[in-house]
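# Descriptive structure summary
Each chain, written out:
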Amino acid sequence: MKRTCFGLACVLAFSLLCTPRAHAAGTDNAARAAIVVHPETGAVLYEKNADERLGIASTTKIMTALVVLEHCALDEPVEILPEYTAVEGSSMYLRAGETYTVEELLYGLMLVSGNDAAIALACHTAGSVETFADMMNDKARALGMTNSAFQNPNGLDAEGHYSTARDMAKLACAAMGNETFRTIVSTKSTTVAGQTLVNHNRLLRSYDGAAGVKTGYTKTAGRTLVSCAQRGTTQFVCVTLSDPDDWNDHTHLLDWAFENYEYRCVAGDTPVYAVPVLSATVELCAAVPEEPAYLLVHPDDPVALKAELPRFAFAPVEQGAQAGTLTATGPDGQSVSVALCYAEPAALDPDVKITPLARLGRLWTHVCRYFSSYYPVS
């Protein structure tokens, strides 16, 4: 009987609250607060004053965009009212009476940091800035951003509007999981209503693998920056708050992360294990990982593999049925487990004579497989 397959069971000694692995070189920076995280595992690789509440300026718009994307269709029309245009700071220069789609306003929001686009999207989504701010705070709580509060959708200085480097990393990791958001923030330039919008995030043009996310500045908050970069299967999110040298600091922090960590595939199509099959048309049946498994390790770190498989199986064997488990363990104790499944079927040999005792043994094996907790399932 085919057992219920279980997915990856990451038992990593990492979380967004853990102490990062120590690699001092390459992490010096001018930021008041900073953090580097690995989104897939939540591993904190570096942190500095990561829980200090600070102003976040226009990196606020990461939350604005995420809330809008979760409540609006991209093709919804938005009529621009006069009150949307009278906003200080950066702008995409909306004019009253014009109509834009939600998607067009999102590009204006994230590429040129349009404060007018932020107000237009907030009012379209929630009816008012105040109600939209409530939605932002609801989303923050859902993401576990316990040291954040939002008062507006654009990040202009306001009492009670703050976050932390750790919380902004949580937000960025969630936002980059949204395909539309990821497409928008990785766009270097686009044209909206005849106007060319050039992304303020210069890392997109200067850093290998840069994929977003958002810049910010106010006199009170200082320079704020959230970035994301990916090379191969390895991706990192970096946040700096109140950092006068943020472009260089992000370059150095991301370089350091890529030099010291990789998200390595430790179980893909290989290795292939084999299980002897009794009373079958074949002697062995291959068992392969059900899906790829990854570990975040240093590029030079060895990874130990341990397979748990039965000594033998009785025919017939179904292709895709779970045979056992494969566990990969890194040098720091972090591990990941994946199911090993039969790669092909093994039919019962019609020429094999099955004695009553053998039939009883086969029945007992199947019963044990069904009721036993030896193989973890989820």
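No experiment lies behind these values; they were computed from the predicted model shown.

On to the packing of helix H1 (residues 61–71) against helix H6 (residues 165–176), then. In contact at an axis separation of 10 Å, H1 and H6 are set at 35 degrees when each is read in the N-to-C sense. The two elements H1 and H6 meet at a crossing, and its hand is left-handed. Between H1 and H6, the contacting residues are Ile62, Met63 and Leu66 on the first element and Met168, Leu171, Ala174 and Ala175 on the second. Split into classes, the residues belonging to the contact of H1 with H6 amount to seven nonpolar, no polar and no charged.

Now for the packing of aromatic side chains. Within this structure, the stated rule accounts for five aromatic pairs. Ring centres 6.0 Å apart and planes at 70 degrees place the aromatic pair Trp256 and Tyr261 in the edge-to-face group. Of the residues examined, Trp256 reaches a relative accessible area of 2% and is grouped as buried. Tyr261 sits in the buried class, given a relative accessible area of 1%. Here a set of aromatic residues connected by ring pairs shows up, and it is made of Tyr46, Trp256 and Tyr261.

Okay, the confidence of the model for the protein next. In the predicted model, the protein carries a mean pLDDT of 88, and 87% of its residues have values of at least 70. Here residues 1–23 is modelled with pLDDT under 50, and outside its nearest four sequence neighbours on either side it reaches 81 contacts, counting other chains as well. Confidence over residues 370–378 falls short of pLDDT 50; this stretch has 22 contacts with residues more than four positions distant or in other chains.

Calculation notes
Note that residues are indexed from 1 along each chain, following the sequence as it is written. With the structure being a predicted model, the display of local features is reserved for residues of pLDDT at least 70 and the display and counting of side-chain atom pairs for 80 or more, all residues being used for whole-chain, interface and lining totals. Hydrogens and waters are ignored; side-chain quantities use all the structure's heavy atoms. Only C-alpha atoms enter the line fits that serve as axes; for helices the fit covers just the stretch in contact. Angles between N-to-C directions range over 0 to 180 degrees. Where helices and strands are cited, they refer to DSSP runs of H or I of at least four residues and of E of at least two residues respectively, numbered from the N terminus. Two helices cross in a left-handed way if the nearer one is turned anticlockwise from the farther one by less than a right angle. They cross in a right-handed way if the turn is clockwise. Contact definition: two residues touch when any of their heavy atoms are within 4.5 Å. Classification convention: Asp, Glu, Lys, Arg as charged; Ala, Val, Leu, Ile, Met, Phe, Trp, Tyr, Cys, Pro as nonpolar; all other residues, Gly among them, as polar. Side-chain rings of Phe, Tyr and Trp, where Trp is taken by its six-membered ring, are said to pair if the distance between their centres is within 6.5 Å; with planes under 30 degrees apart they count as stacked, over 60 as edge-to-face, and otherwise as tilted. The buried label applies to any residue whose accessible area, calculated with a 1.4 Å probe on protein chains only, is under 20% of its type's maximum; exposed applies above 50%, and partly exposed to all values in between. Each residue carries a pLDDT score, the predictor's own confidence in it, on a scale running from 0 to 100.

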